[in-house]
Amino acid sequence: MLRRLAIFTHQVLANSNSILPTTTKHNSTFFLCSHFNPSCHRGTGFASIRLLSYSPVNRRIPDPEDPSNLIKEDGVSVLSQMWIENFREPDRIVTNLSSYLRRFELWVLAYQKVCADEMGAYMPRSEIQRSALEDLLALRNAVLDSRFRWGARLEFFIKSPKDKTEYESLSKRKIKAILTTTQPAPFQDKLVQEVLLMILEPIYEGRFSQKSFAFRPGRNAHTVLRVIRRSFAGYLWYIKGDLSTILDGMKVGLVINALIRDVRDKKIIDLVKAALVTPVVTSKDDGVEKKKKKRKYQKKRVLAEDEPKPDPYWLETFFGFAPEEAEKLPSWGHCGILSPLLANVCLDELDRWMEGKIKDFYHPSKSDVIWNSPEGEAEHGNTSWPEFVPTSGPDKTRKMDYVRYGGHILIGVRGPRSDAATLRKQLIEFVDQKYVLKLDNESLPIEHITKGIMFLDHVLCRRVVYPTLRYTATGGKIISEKGVGTLLSVTASLKQCIKQFRKLSFLKGDRDPDPQPCFRMFHATQAHTNAQMNKFLSTMVEWYRFADNRKKIVNFCSYILRGSLAKLYAAKYKLRSRAKVYKIGSRNLSRPLKEKKGQSPEYHNLLRMGLAESIDGLQYTRMSLVPETDYSPFPSNWRPDHEKALLEYIRLDDPKTIEEQRRCIMDQGLVSPQDYVSMLVWNYKRNAGTLDQFSLVNSGSTNIERDKLLLLGSNEDKLEHRTKEEEQNDKQFCVSQM
């Protein structure tokens with residue numbers, strides 16, 4: 001059998017030219033040489049079988065024009081390395097950012113993120129078509145060659161996947177409408193904005209002040225409230241300022257000068273400057289009021305397959321509750337999502353200036369229990385009440401603190417009012433000099449804590465407490481006496497909550513709020529309506545999580561929503577009054593309000609059979625059901641989780657930290673000296689010929705041991721081929737000399 005197979009293989013190889021017409025000359029030569037080479041035949045016939053089983057298929061030569069070949073690394077890993085480098089050296093001046101602008105991985109990652117926003121679904125990299133990658137590469141090259149123009153409306157390097165418009169075949173009227181009316185930002189503009197944000201954000205996040213909290217990852221309004229509760233106790237005077245006009249726009253020169261402080265890359269600066277300078281085309285209104293047309297009945301629009309779903313009703317309602325400090329989002333020229341970062345870059349000078357003022361203003365007093373450390377951040381005082389600040393004593397510690405949320409600032413001062421007035425005067429001069437913004441005393445009022453300070457829809461006020469102080473006097477006698485102190489109270493503003501509900505048309509009236517029916521949910525089912533309101537209530541419970549009156553404010557929100565739904569159901573099912581709705585649907589509106597005539601089975605039977613929709617009752621109908629206020633302590637030097645992970649990684653990656661861990665392990669006796677020497681030798685072999693001089697010098701080893709290890713590391717090849725006995729003898733010699 002093997003002989004016949006060998007003869008057949010010989011005939012196949014003899015006619016290889018006719019069998020392999022598509023193979024290359026190199027492959028045919030390989031087959032012929034292997035056939036006439038006697039070393040290929042080992043006398044068993046397996047070589048012939050191997051030759052016969054070999055399929056002469058061409059190897060796929062990579063296409064040099066395929067853009068996917070430019071993706072050498074994952075975009076997320078590139079971004080991670082950027083964050084690590086900038087957090088390792090936060091104060092360095094960055095000069096070469098164009099190299100990151102050339103990284104095609106970042107452009108692909110930006111394409112995935114923008115497509116997720118446009119289409120509502122994440123697109124894996126394997127599903128990106130080659131034509132889209134080619135267009136993306138053309139956009140990158142245009143940006144690098146300075147051929148990209150912001151706000152283009154007819155000529156694009158790349159279009160959105162859901163944009164099927166043929167711009168070449170448009171009529172003159174449609175082209176004119178496109179060029180003269182307000183249009184959303186082009187898809188390619190969003191891509192460039194996303195790439196710039198990915199490049200610039202890690203640079204500035206590593207050097208931004210810890211006093212700013214808006215438009216930054218890992219920080220939100222809750223962080224500000226917890227910082228205020230933790231650090232603003234005992235302040236008597238508060239300065240509340242509104243600089244939100246800066247978020248509307250600044251002079252281009254001021255923005256560019258703020259960028260140039262840390263970034264010295266001409267390509268990046270020119271891109272940002274062009275985005276700020278290029279005018280944004282908006283629709284021109286002639287000022288003539290148009291007649292209101294009668295609203296016609298509109299059918300329910302069906303979403304396209306690639307169209308993202310709109311925000312649900314509960315989320316839209318919660319967005320209507322946005323505090324005054326969080327309502328304005330900066331949008332500068334064609335910067336788009338880059339605008340909030342640029343606003344923080346400009347306002348970072350104010351944060352640094354205030355940090356200097358805080359250090360200069362601090363004067364400790366020995367009579368205070370807390371705030372008597374050089375930095376004023378000592379962990380003293382009552383551990384169960386960290387906000388407790390004693391008010392007794394002839395002398396008081398002069399201290400100041402500051403937070404900024406977007407364009408709104410809050411300054412707390414402990415000291416005489418004259419100090420707060422002096423600070424306000426200096427702040428007005430600084431803002432006028434840096435931002436060319438005219439402020440006056442009315443725009444920066446100085447208010448006492450007893451009046452209540454409104455910030456982020458929460459009222460900051462002071463409560464006087466009389467705790468029992470127990471201490472050990474001389475002689476070991478325990479003395480108990482009443483003390484006097486102040487406690488900072490952070491309560492949700494009921495007045496502001498009523499104002500927001502009135503704005504959303506959930507109630508009317510000032511003194512006696514009366515719920516109004518929520519006609520937006522008229523055509524929805526009872527189960528869907530209750531589910532939407534439950535999600536809204538859950539969000540409100542989370543929003544007022546750190547308010548002292550959390551139970552009261554959430555119970556009021558539940559009362560308004562329950563009354564609004566009761567009026568809606570009364571109008572929808574013709575029940576005439578809320579009392580009848582509550583009688584049929586129960587207090588939490590969980591029972592069905594409409595049943596078909598002649599329907600014999602009860603609701604729970606229909607629900608069991610799957611013929612009825614499950615109806616969830618409204619949450620928090622009683623105050624006892626509302627969760628308690630979250631009083632968990634907040635660290636003084638708090639940082640977001642991602643910054644903690646970055647700093648911990650940088651610390652562990654430091655050679656000094658590694659050496660400290662080695663010494664600690666040796667001191668505790670967790671590793672024997674023999675294992676330690678083996679670890680040093682292995683470390684040398686891993687470094688491929690580069691001896692770790694730092695570990696040798698600082699390991700505490702003797703001169704003889706160092707010389708021995710240097711001798712072992714003089715030739716890596718010899719070290720590789722050493723026997724186990726020689727290696728063990730060297731280790732024993734090193735240990736004996738220690």
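Up top you'll find the structure we're talking about.
Notes on the structure in this doc start here.

What counts, and at which threshold
Residues numbered from 1 in each chain as written. Predicted model: local features only at pLDDT ≥ 70, side-chain atom pairs only at ≥ 80, totals over all residues. Heavy atoms only, no water. Pairing = 2+ DSSP bridges. Helix = DSSP H or I, 4+ residues; strand = E, 2+ residues; numbered from the N terminus. Axes fitted to C-alpha atoms, helices over the stretch in contact; angles between N-to-C directions. Contact = heavy atoms within 4.5 Å. Buried < 20%, exposed > 50% of the residue type's maximum accessible area, 1.4 Å probe, protein only. Salt bridge = Lys/Arg side-chain N within 4 Å of Asp/Glu carboxyl O. Core = buried A, V, L, I, M, F, W, Y, C linked by side-chain atoms within 4.5 Å. Domains from an automatic or database assignment.

## Some thoughts on the sheet that holds strand β5 (residues 446-448)
Taking strand neighbours across the sheet as the criterion, the four strands line up as β3-β4-β1-β5 in an open arrangement whose pairing is antiparallel. Each edge of the open sheet carries a strand with a single partner, namely β3 (399-405) and β5. Taking the axes of each pair of neighbouring strands and ignoring which way they run, one obtains an average angle of 20 degrees across the sheet. Looking at chain direction, strand β1 (residues 237-242) and strand β4 (residues 408-414) are connected through six bridges and run antiparallel. For Gly-241, the partnering residue across the bridge sits in β4 and is Ile-409. Of the strands in this sheet, β3 and β4 are in contact with helix α15 (residues 339-361), which crosses β3 at around 170 degrees.

## With respect to the side chain of Ser-244
For Ser-244, the position within the fold is in the loop between β1 and α12 (252-260). Judged by its relative accessible area of 11%, Ser-244 is buried. Not counting chain neighbours up to four residues away, the residues in contact with Ser-244 comprise Lys-328, Gly-407 and His-408.

## Things to note about the pattern of salt bridges
Applying the stated criterion across every chain, the model contains 33 salt bridges. Among the salt bridges present, the one from Arg-639 reaches Glu-643, with a minimum N-O distance of 2.6 Å. Since its relative accessible area comes to 27%, Arg-639 is described here as partly exposed. Take Glu-643: its relative accessible area is 0%, and that puts it in the buried class. What emerges from the salt-bridge pattern is a single network uniting Glu-205, Arg-216, Arg-219, Arg-639 and Glu-643.

## Here's the deal with the environment of Val-281
Note that Val-281 resides in the loop between α13 (266-277) and α14 (313-319). Looking at Val-281, the relative accessible area reads 34%, which means it is partly exposed. The spacing of Val-281 and Thr-182 is 99 residues in sequence and 6.1 Å in space, taken between C-alpha atoms. Apart from the residues lying within four places of it in its own chain, the contact partners of Val-281 are Arg-153, Leu-179, Thr-180, Thr-181 and Thr-182.

## Comments concerning the nonpolar core
If you look at the biggest cluster of nonpolar residues, it comprises 90 residues, and the most contacted ones within it are Tyr-111, Leu-350, Ile-411 and Tyr-435. Composition of this core by domain shows at least three residues from each of domain 1 (75-207) and domain 2 (229-264 + 275-280 + 309-370 + 386-492). Excluding anything up to four places from it in sequence, Tyr-111 contacts Met-123, Ile-128, Ala-132, Leu-136, Ile-158, Pro-161, Phe-187 and Leu-191. Core analysis: the next-biggest nonpolar cluster, separate from the first, contains 61 residues, Ile-449, Tyr-569, Val-626 and Phe-634 among them.

These values are about where atoms sit, not about what they do.
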